[in-house]
Amino acid sequence: MADEFDAAGWAQIHHAAQRGFTKSITFFLSDDESLMELETTDELHLTPFLCAVDGGKEDSIKLLMEQGANVEALSALNHGAVEICANKFYIELLEYFINLDDPRIPVWKHLLRYVSSESDEEAESAGKCLRTLTQGSEESGINSNWEQLYNNGGIPTIVKVAKGTSIADESKIPAFQTLLNVIEKHEVKEQVISSGGVPTFIKLLKSTCNHVIQLSAEILKEMATEKQYAEVESQNNAIQTLVKVMQTVRDEEVLVQVLECLGNIAEASSKLKSQVGTCPGCISTIVGLFENQKDRNLLHSLARVVGKIADKDEVNQNSFIENGVTPHIVVLTATRNRDIQVSAVEAISRVADNNKKTQKAILADNVQEHLLRLLKNTRAKIVLEKTALALWSLAGSDFDIRRYMAERMEVNLMIEFVNSMSENLQYIGAEGLSVLAQGPLTYQSEIARLNGIAPLGRLIQSNQEYIILSVVQSIRHLCVGVAYVPHKPNQNTIIQFRGIKYLVALMVHSENENIQVESALTLGCVSMCNQAALGDIYQNIDFSYVRIVKMMYSSIPEVRLLAGSALAAFAYNNINQQKRIADQGGVRFNCFVPFLQSDDEFFRCNAAFQVVVLSKIIPDEEQALSSAAGIKLLIDLLQDSTSNDTLALATDCVARLGHTRAGVPAAMVSIHAVEHLCSLLQHKAEQVRGNAAIALGYLSYNHSAERQLLNRCRSSPYLIRVLLYYTKQSRISPAFLESWKHYKKIGLPPIAEGRPSLIGFKPEGINDNRPITMLSLDESNANTRSLSNLMADDGGVTGRSSRMTNAAATPQMSNTPLQPINANLSASQMSLDSQKSSNSLMQQEVIAAE
């Protein structure tokens, strides 16, 4: 009979339900409806419905439910359908009940009650089911069931499980994994906080189970992605606890999560970053973990956390360097794992960013050579971008080191950067071309030859203001060199790609005052000695000098200063432009006084040059007095300044004034300009000594300056080598060259033994482990100018006859002739262009004689 029980206490209907024999179930129920709720006589007391659930037979379950079975039935163990599914790990059946959405079978409530059981087995079984039901995927992201879990109080329940002591930590693991499945949702994080989850998981970092420590750290890591929750973790001593875990646990998987958690806390705010970095033992422990480490995931996390903790925090940056992180990071840049490479390079960039001390230390370890090799060999765009950023961070603000980096990366690569789709690379490319276009040994013509100007013209339309600013500055430096020597071909190229139109538009319509004034200054340089460019500017109805004059009353000091530079650029050696500026309002001397009296040498230097150039159109001060004030300030800076940037600017300003209106060069010479410039010919910074040489070349047309310069070169013949090297593409007095040839014939005192060569001297702090030789100044090497090439001439050290050597070929310097100076110059100055050819030949003879 259907209601007879076997030895196990099961009737035939129980077996039919458990095995999915739906026809038998129908037959038994048609014969006797009372069998629907018949319980087994074993210790479980299961109804046919529960037997069907126990067997995982969905067809039997459907049939019994249709026949009116009690779906809320419980076994003798107080287990209903959901609990039986959990014990058996019947995920598909649980999903069936979830989709059925029968209020009599609240799956989530039953699972959450079950997961908080005091039984290890029950809690673990329910946790595994919850974990699977909420498991997301890479394709679809977070599982849609997260909301069901959240709405049914799942988050507080899991936190309660974490707090509980009735079950072992190991049994809590599936519940923690469930929380990790949904924790990316802000609402979930809020409930973790409100239910006291943060201190609970911090406490679990002290667990004896490594897997629990790992998951707790991972939960805290995800919470720390939001600043307010990272602060809560810090307030509950998470940083100190995480550091303690790093010092005591050796499980790589645990350490990865601990490091990532620390990194996220540090990344949340500058205050927390400081707390992480200054936590006793934190940075030293992180650096120590690099030792003999081979686990890729851990190495990746170590590099990432170094970058996050060091980012924009000078104290932390210094601490990492002092604890010896550099060699460990450098090794990682050579790995074949792209993720590790990228994180290592980014760590170098962040440790060096805007920190001269760390930049110097990293350069001393020769890191740039590893990065340069990586830059040349990689094809991965992300690695290329991060490596370029690291190199530029290492270059810092020092012009000579920036120039060195740009030269090593090469012009072609810089142009590729400008043409790339990456905004970071576009910025570095524009900055690199700007640096290469400046200085006494300029790459202006090389950049033009390799078609580097047109991409800048396109990039000037960028949506990023910092890129626009860099491009505008780069265009300016491509159009004028040291001593305000215009590069006519580059100016014409700017005109061709309608650069004038874009620059005027930026000057007039940009919302950024810095871009407005930089554009105005660049317009002045693009049009310097170029009537076609001036014509384009005047045809634009938006352009007016009044706009630039108004900028001199800006609330931003830098804008006021550069507005004066812009007016000076337009007025430089051009009477007609000076009249136009005067007719449109002119300038007042009181605009310059705050800068002339400033403690900032950069402000004083620029303002001094401006008042000399604009002295004729400053109505409220006598021309002679304003010129004298400016000249005196410039020469004082040459004498007193210890800043390379200031000295480079001051020598450039003197070089500009060296071929302006009559009387200015004489005034500079009368207050010992030649003496100070000669002293700077031995300066370690190439920008300073090169600009000083060019300035002396222009001043040598003054008879007094010529005699002073000859006397200095007689007493120290080494100076003539520096002077001639840097003036090959600029001007120097033929009379001076002739006199020097005469001195050579009658004999000179020997150059002191052991004097170092400063021609092509590598920037201070750069260590590329390449041999240093003396760079030949032979005419055959006239265009050689790499920072790694030094004078290859024994006579430059000992005074004995020289041996010429061939230096490595590098891009040629600009051969752009100086444009004719305006009619306001003296007759002797106007004749310089006609003398240039004979000057060059005579200079070659002097070099050969050397």
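- Per an unreviewed UniProt entry, the protein chain goes by Ankyrin and armadillo repeat-containing protein and derives from Mizuhopecten yessoensis.

## Side note on the overall build of the protein chain
Reasoning step 1: Of regular secondary structure, the protein chain possesses 52 helices and zero strands.
Reasoning step 2: A burial count over the protein chain gives 59% of its 850 residues as buried.
Reasoning step 3: Surface exposure of the protein chain reaches about 34,800 Å², of which carbon and sulfur atoms provide 47%.

## Remarks on the environment of Leu 634
Reasoning step 1: Summarising the element assignment, Leu 634 is placed in helix H42 (residues 623–640).
Reasoning step 2: For the pair Leu 634 and Ala 607, spaced 27 residues apart in the sequence, the C-alpha separation amounts to 9.5 Å.
Reasoning step 3: Not counting the four nearest positions on each side in its chain, Leu 634 is found in contact with Cys 605, Ala 608, Phe 609, Ala 650, Cys 653, Val 654 and Leu 657.

## Thoughts on the packing of aromatic side chains
Reasoning step 1: Using the criterion set out here, one finds 15 aromatic pairs in the structure.
Reasoning step 2: Here the aromatic residues Tyr 538, Phe 543, Tyr 545 and Phe 570 are joined through ring pairs into a cluster of three or more.
Reasoning step 3: Here the guanidinium or amino end of Arg 656 rests over the ring plane of Tyr 484, the centre of that ring lying 4.1 Å away.
Reasoning step 4: Taking NZ or CZ as reference, Arg 714 lies 4.7 Å from the ring centre of Tyr 743, over its face.

## Overview of the pattern of salt bridges
Reasoning step 1: Counted according to the given criterion, the structure contains 22 salt bridges.
Reasoning step 2: Measuring nitrogen to oxygen at the nearest pair gives 4.0 Å for the salt bridge that ties Glu 226 to Lys 189. In this pair, Glu 226 is assigned in the loop between helix H14 (210–223) and helix H15 (227–235) and Lys 189 in helix H12 (residues 186–194), connecting sequence segments 37 residues apart. For the pair Glu 226 and Lys 189, one class covers both residues: buried.

## With respect to the UniProt feature "repeat: ANK" (unreviewed entry) in the protein chain
Reasoning step 1: When the UniProt feature table is mapped onto this chain, "repeat: ANK" (unreviewed entry) is found at residues 44–76.
Reasoning step 2: Across residues 44–76, the secondary structure splits into 52% helix and 0% strand, with the terminal C-alpha atoms separated by 5 Å.

## A word on the nonpolar core
Reasoning step 1: Core analysis: the biggest nonpolar cluster contains 286 residues, and Phe 49, Phe 97, Ile 286, Met 405, Met 409, Phe 417 and Ile 548 have the highest contact counts within it.
Reasoning step 2: Looking at which element gives the most residues to this core, the answer is helix H38 (residues 557–571), with 10 residues.

What counts as what
Along each chain, numbering runs from 1 in the same order as the chain's sequence is written. With pLDDT at 70 or above as the cut-off, local features in this predicted model cover only qualifying residues; side-chain atom pairs require 80 or more to be listed or tallied, and sums for whole chains, interfaces and linings still use all residues. Note that water and hydrogens are dropped before the side-chain values are worked out from all heavy atoms of the structure. Secondary structure is summarised from DSSP: a helix means a run of H or I of at least four residues, a strand means a run of E of at least two, and numbering begins at the N terminus for each. Whether a residue is buried, partly exposed or exposed follows from its accessible area with a 1.4 Å probe, protein chains only, as a fraction of its type maximum: under 20%, in between, or over 50%, in that order. Note on areas: Shrake-Rupley, 1.4 Å probe, and residue coverage restricted to the protein chains presented here. Contacts are assigned to residue pairs with any non-hydrogen atoms lying within 4.5 Å of each other. Any two rings among Phe, Tyr and Trp, with Trp reduced to its six-membered ring, count as a pair given centres within 6.5 Å; such a pair is stacked if its planes are under 30 degrees apart, edge-to-face if over 60, and tilted if neither. Placement of a positive charge over a ring is assigned whenever Lys NZ or Arg CZ falls within 6 Å of the ring centre and within 35 degrees of the normal to the ring plane. The term salt bridge refers to a side-chain nitrogen of Lys or Arg lying within 4 Å of a carboxyl oxygen of Asp or Glu. UniProt positions are given in the numbering used here, feature names are shortened, and annotations may be inferred rather than shown by experiment. To define a nonpolar core, start from buried Ala, Val, Leu, Ile, Met, Phe, Trp, Tyr and Cys residues and group those joined through side-chain atoms within 4.5 Å.

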